[in-house]
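# Inside the fold
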Amino acid sequence: MADINDVYNAFIASIMGVLYPAGSPSPGLPSPVTGTVCRVYAGWPAGQGLDADERAGIVNVSVFSPPSPFQNTTRYPRQWTTTSPPLVTITASVSGTAVTFLTGAPTSVPQNIAIVVDGQAFVYTIKPNQTLSQIAQAMAALISLSRPATANGQSVIIPNSHSLVVRAGGFASAVSELQRITRRFDVHLFCSTPAQRDQISGPLVPVLAGAIFLPLADGTSVRTTLTGDSVIDSTQKPLCYQRVLTFSGEYPVTDVGTFPEVVIASGYVQGATAGIDAFTPANPPPVSIPPGSPGSPPPTLTDVLLTQADQALQEQSGPYLQTQ
Amino acid sequence: MPTPLNIAANIWRGYGIAAKHLAPPAQIYRPTDPLAPIGSGSLINTLPASFALDTNYLKPNRYGNAVWRTLIDARFTLVGDYIVDYEDISWFIIEQHIDLPIISVQCNCTASFYTPQQQTATGENPYGGNTLATETLYLQNWPVSILQGLTPIGGAPSKVGLPGDTTEPRWNILLPVLPDSFDIQVIQRDIVIDSLGRRFAIEAAEISEFGYRIKAQQVLT
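Below you will find a few notes about this structure. (Residues numbered from 1 in each chain as written. Chains lettered and ligands numbered in written order. Predicted model: local features only at pLDDT ≥ 70, side-chain atom pairs only at ≥ 80, totals over all residues. Heavy atoms only, no water.)

## A closer look at the overall build of chain A
Definition in use: Every helix listed is a DSSP run of H or I at least four residues long, and every strand listed is a run of E at least two residues long, numbered separately from the N terminus. Contacts are assigned to residue pairs that have any heavy atoms within 4.5 Å of one another.
In terms of regular secondary structure, chain A is built from five helices and 17 strands. Within chain A, counting contacts between residues at least 6 apart in sequence, those at least 24 apart form 67% of the total.

## Observations concerning the interface of chain A and chain B
Rule in force here: When two parts are put together, the accessible area they lose, computed with a 1.4 Å probe and summed over both, is reported as buried area. Each reported salt bridge corresponds to a side-chain nitrogen of Lys or Arg within 4 Å of a carboxyl oxygen of Asp or Glu. For the purposes of these results, a polar contact is taken to be a pair of N or O atoms within 3.5 Å, where, inside protein, one atom must be able to donate a hydrogen and its partner to accept one; residues adjacent in sequence count only when each atom of the pair is a side-chain atom.
Contact residues are listed per partner, giving 23 residues for chain A and 20 residues for chain B. Three residues, Arg-55, Lys-237 and Leu-239 of chain A, lead the burial of chain A against chain B; their summed loss comes to 34% of the area buried on that side. Counting across the interface, chain A meets chain B through zero salt bridges. For the pair chain A and chain B, the interface holds nine residue pairs in polar contact (both at pLDDT 80 or more). Those elements that provide at least two residues to the side of chain A that touches chain B are helix 2 (47-56), helix 4 (194-210) and strand 15 (241-260) of chain A.

## Here we look at helix 3 (residues 132-143) of chain A
Residues and elements named next belong to chain A. Note the following rule: In a helix, the anticipated span is given by 1.5 Å times the number of residues less one. With a 1.4 Å probe rolled over the protein chains alone, any residue whose accessible area is under 20% of its type maximum counts as buried; one over 50% counts as exposed, and the rest are partly exposed.
With twelve residues, helix 3 extends 16 Å from end C-alpha to end C-alpha; this agrees with the ideal 16 Å at 1.5 Å per step. Of the positions making up helix 3, those classed as buried are Leu-132, Ile-135, Ala-136, Ala-138, Met-139, Ala-140 and Ile-143. Of the surrounding secondary structure, the elements contacted by the buried residues of helix 3 are strand 6 (98-103), strand 7 (112-117), strand 8 (120-125), strand 9 (150-152) and strand 10 (155-157).

## Let's talk about the packing of aromatic side chains
Any pair of aromatic rings gets described here by the distance separating the centres and the angle formed by the planes. What counts here: Aromatic pairing here means that ring centres of Phe, Tyr or Trp (its six-membered ring) are within 6.5 Å. Orientation follows from the plane angle: under 30 degrees is stacked, over 60 is edge-to-face, and everything else is tilted. We call a charge positioned above a ring when the Lys NZ or Arg CZ atom is no farther than 6 Å from the ring centre and deviates by at most 35 degrees from the ring normal.
Taken as a whole, this structure holds 13 aromatic pairs over all chains when the rule is applied. Taking the centre distance of 5.5 Å and the plane angle of 55° together, the rings of Trp-44 of chain A and Phe-64 of chain A count as tilted. One end of the pair, Trp-44 of chain A, is in the loop between strand 1 (38-42) and helix 2; the other, Phe-64 of chain A, is in strand 2 (residues 59-64), with 20 residues separating them in the sequence. Site record: aromatic cluster; members linked through ring pairs are Tyr-8, Phe-11, Phe-185, Phe-247 and Tyr-251 of chain A. Taking NZ or CZ as reference, Arg-198 of chain B lies 4.7 Å from the ring centre of Trp-171 of chain B, over its face.

## Focus: the layout of surface pockets
The following threshold applies: Buriedness of a pocket was judged along seven lines, with at least five required to meet protein on both sides within 12 Å; pockets are open sets of points on a 1 Å grid over the protein atoms alone, cavities are sets where a 1.4 Å probe fits but cannot get out, and lining residues have an atom within 4 Å of a point. Grid points are joined across faces, edges and corners, and a volume is the space filled by probe spheres set on the points. Residues are sorted three ways: Asp, Glu, Lys and Arg are charged, Ala, Val, Leu, Ile, Met, Phe, Trp, Tyr, Cys and Pro are nonpolar, and all the rest, Gly among them, are polar.
In this model, the largest pocket occupies a volume close to 310 Å³. Around the largest pocket, the lining is made up of 18 residues, and of these Pro-116, Gln-118, Asn-130, Arg-189 and Asp-190 of chain B lie nearest the centre. For the lining of the largest pocket, the element with the most residues is strand 11 (residues 199-208) of chain B, which contributes three residues. Within the lining of the largest pocket, the residues separate by chemical class into five nonpolar, nine polar and four charged. Quantified by volume, the second largest pocket comes out at close to 240 Å³. Lining the second largest pocket are 15 residues, and of these Thr-81, Val-175, Glu-177, Arg-180 and Thr-220 of chain A sit closest to its centre. When residues of the lining of the second largest pocket are traced back to their parent elements, those giving at least two are strand 4 (80-84), strand 12 (171-191) and strand 15 of chain A. Of the residues forming the lining of the second largest pocket, the biggest block, four residues, is contributed by strand 12 of chain A. Each residue belonging to the lining of the second largest pocket can be placed in one class, and the counts come to four nonpolar, eight polar and three charged.

## A closer look at the sheet that holds strand 3 (residues 67-72) of chain B
Residue and element names in this part refer to chain B. Note the following rule: Only strands that DSSP links by at least two bridges are regarded as paired with each other. All axes are obtained by fitting lines to C-alpha atoms, using only the stretch in contact for helices, and the reported angles, taken between N-to-C directions, cover 0 to 180 degrees.
Pairing is antiparallel around the closed barrel formed by six strands, whose spatial order is 1-2-3-6-5-4. For this sheet, the mean angle separating the axes of adjacent strands, direction not counted, is 45°. Contacts from helix 1 (residues 4-22) reach strand 2 (43-52), strand 3 and strand 6 (102-106), with the element oriented near 95° to strand 3.

## Thoughts on the nonpolar core
Filter applied, for reference: Joining through side-chain atoms within 4.5 Å is the link that ties buried Ala, Val, Leu, Ile, Met, Phe, Trp, Tyr and Cys residues into a set, and such a set is a nonpolar core.
Counting residues in hydrophobic clusters, the biggest one holds 35 residues, and the most contacted among them are Phe-11, Ile-15, Val-187 and Tyr-251 of chain A. What Val-187 of chain A contacts, discounting residues up to four positions off in sequence, is Phe-11, Ile-15, Val-61, Ser-62, Val-63, Leu-208, Arg-243, Val-244, Leu-245 and Phe-247 of chain A.

## Topic: the side chain of Asn-60 of chain A
Residue and element names in this part refer to chain A. Within the fold, Asn-60 resides in strand 2. By relative accessible area, which is 3% here, Asn-60 ends up buried. A distance of 2.7 Å separates the side chain of Asn-60 from the side chain of Tyr-41, its partner in a polar contact. Among all residues touching Asn-60, those that are not within four sequence positions of it are Arg-39, Tyr-41, Pro-45, Leu-50, Asp-53, His-188, Leu-189 and Phe-190.

## A look at the sheet that holds strand 7 (residues 109-115) of chain B
All names here are of chain B. Ordered by their spatial adjacency, six strands build a closed barrel running 7-8-9-12-11-10, and the pairing between neighbours is antiparallel. Within this sheet the neighbouring strands show an average axis-to-axis angle of 45°, counted without direction. Judged from the four bridges that link them, strand 8 (residues 136-148) and strand 9 (residues 170-176) form a sheet pairing that is antiparallel. Counterpart to Gln-148 in the pairing with strand 9 is Trp-171.

Given below as structure tokens:
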């Protein structure tokens, strides 16, 4: 969920990328830019610490949004957009009346496993760090509530089944923009000397001023525009040389959600429930003969809906199908 | 017929005898190096010294006071000498008039004095502005008295403008008379950094027979 704090973090990440390009520094590690320790944070420094840092040659970079005109620039309709596609690690195979889980567990990646037995779907959400055998046992227990099923190692045996399909689906992350805000953000450089300020400004200002978008944690971005740049020497008595970069930041306030990938779909068409059967070579999906092809009957509404649902199921890496 | 100096000498000798009964010996230093006022090179004597607010030894000290009457054999001391007593407290003599009591200032810290960077070259100069590295040290580790002065009511906080800012407090700094041989003058805008790490900008430096009475602003970010 993006908010002003995420914008702070975006600025901080960008600044840290300049001052400590090798990544998170160990305590006391000087920045290769200044040769001294640099501190980067959101909010204002505390005076006592800043006094001590200025005398020790330590740079403080503070990111803050001062009281300033606030503009609500909301202009996009609310809709969910995938930021992270579903990830599937579980693999399985079908042989005769057995479904065997092959690889992909134990894992902490949340996934749903579906086994469709003679047109009846059984869906199970795996638990973190379950083994393949444990998943097979859980599936067998679930199926056995409706019909005989047993687990044998990593396999689930469903006697007398004629059609078996196994599917695994992951969970996608999506974001929806609720509002769009434009407000001012200041990046304060508190340096001990003018030379130190120049050392930092040289590489930092082009990066910040040149970045049109800074990424936010939820996959959205803040659009930044440099609108002011002040060099302040009037605070040199306490050995504080400042530079204040002022940005206009436009960012979305968002909601984020996690949505399961569709492994089983059903439609309700003209009073009848149409299930998606196992699409096996012996049971081809209705889309195997595209409507309108020579020799095919005219497509019905059911055909169209099933075709759309099947396409969504087949495109594992494509846009997920929202089930809401 | 005793001369005034003879009389003073006798009185001072008497002070010394009294101090001998009241306090252990103290070290007497006469600074010869502006960068090392207290050291083996400036140790000139060891004398008993006793300090009080009155001759009856009945008055305790009070907040804001650094000036004490002093019993010491002043035949061997001068104004500006430091006395480091048995408790390792430093004092400096600010007056030993021949017919008046001897008075000293009790020090509560040490301080170093700096001249801010000056643009002195003819023609092009480096970037203007004072930094720690470009300040010129001219007095180092001098025991001084730094006590609260009168901070202007409603005075402006520091120019940095941090949320936690307070008014920059004013302090009174007392420094002994400096030997003429140093050819040093403490002036306004000079910087003082004390042993507590505080940093001051001198607003006014009064020089009198006692030494320097300095009004200083503590500078804060």
